[in-house]
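Summary of the model geometry
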Amino acid sequence: MNSSGKSFFIVMALLAAIIGAVPLVVTNPYYLNTLNVVALHVIIVTGLNMLIGFAGHISLGHAAFFGLGAYTSGILTGSYGWPPLFTIFFAAAAVACLALIIGVPTLRLKGNYLVMATLGFNIIVGVFMVQLDNLTGGPSGYAGVPPLQFFGRSMDSDLNFYGLVWAVALTGMILARNLAYSRVGRGLRALHDSPAAAAAVGVPIERTKVKVFIFSAVYASVAGSLYAHYYGIITPKTFDIFKSVELVTMCIIGGMGSLWGGFFGAAFLTPLPELLDFFQEYSDIIFGGILLVLLIFMPEGLVGWIEKRFQGSRKEAD
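Summarised in this report is the structure supplied together with it. (Residues numbered from 1 in each chain as written. Predicted model: local features only at pLDDT ≥ 70, side-chain atom pairs only at ≥ 80, totals over all residues. Heavy atoms only, no water.)

**Some thoughts on the overall build of the protein**
Along the backbone of the protein there are 15 helices and four strands. The buried share among the 318 residues of the protein stands at 47%. Taking as baseline every contact in the protein between residues at least 6 positions apart, the subset at least 24 positions apart corresponds to 78%. Accessible surface, the protein as shown: approximately 16,100 Å² in total, 67% of it carbon and sulfur. (Helix = DSSP H or I, 4+ residues; strand = E, 2+ residues; numbered from the N terminus. Buried < 20%, exposed > 50% of the residue type's maximum accessible area, 1.4 Å probe, protein only. Contact = heavy atoms within 4.5 Å. Areas by Shrake-Rupley, 256 points an atom, 1.4 Å probe, with all protein chains shown as cover.)

Set out below in structure tokens:
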């Protein structure tokens, strides 16, 4: 294992220790709920950042995969009595198959055409969620999703779910890091820098892009399943195009192509609406202003900016 790999796992171990210690200090269910939502966003953004930051493709359809995971798990457990844990894997497999079907023709598009295609997919899924009211509950949503059970312990409280969702989030980051440094990951970086050069050295461009698209969709599906069993109710509004924009914004602000960027982007943007609640009438303006400032002065994202400052201070010290 090289030095960067050791550094990553050291930081992960420290982060896991901090996350494990948080419930000893934070006992308010409201704050635990916010941290749980942060973890759900970390799962989605980790997968999405592999697509955006490594493959160089922006998708405005990942809220649809998020919703499909939620509705599949919710309906199968709530209406048909399937075991909740099994439905997470079933939903992920179903979403992977759908991502394959969508990804093969869609990823041949470039630039704005790809963005519009994924946006259209999100809109279509949203329409089905609303129109299939006998199955999904329509605009009012689907209620009665049972909580997850692990070793006889119900994940029906914020504290119990906290340990589960953060374990999944950190495991997902480790798996994504391993993928990033695998043969597929190296092919993705080559593809991002120069598709022509990547093809010249034998990188299967179309196959590699489809693989990472499926990978990111599965992450979104798993987060959706966990969301459904956590809240017990799911509504189409949660998975609309604005959610997809929010997820992409987390990648951009945190730093594209950086796993830590996705983590910090989710940690920064998820609680922001709550922090701006005192300025509810101007929250959109404040949010837009923060995004504008970050994009102008820190186009490399929060993590990239921190790394640049750290490297600059080390050079001055030398």
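From this point on, the discussion continues.
**Notes on the pattern of salt bridges**
The full count for this structure, using the stated rule, is two salt bridges. Note that Lys237 and Asp240 form a salt bridge whose closest N and O atoms lie 3.5 Å from each other. The exposure class of Asp240 is buried, given its relative accessible area of 18%. Glu246 is the salt-bridge partner of Lys243, the closest N and O atoms lying 3.7 Å from each other. Placement of both Lys243 and Glu246 in helix α11 (residues 241-254) is noted, with a separation of three residues, approximately one turn of the helix. (Salt bridge = Lys/Arg side-chain N within 4 Å of Asp/Glu carboxyl O.)

**What about α11?**
Between the first and last C-alpha of α11 there are 20 Å, a value that for 14 residues agrees with the 20 Å anticipated at 1.5 Å per step. Those residues of α11 lying buried are Lys243, Ser244, Leu247, Val248, Thr249, Met250, Cys251, Ile253 and Gly254. Structurally, the start of α11 carries an N-cap: the backbone nitrogen of Phe242 is 3.2 Å from a side-chain oxygen of Asp240. Directly beyond the C-terminal end of α11, a positive phi value near 130 degrees is found at Gly255. (Expected span 1.5 Å × (residues − 1). Polar contact = N/O pair within 3.5 Å; in protein donor to acceptor, adjacent residues only side chain to side chain.)

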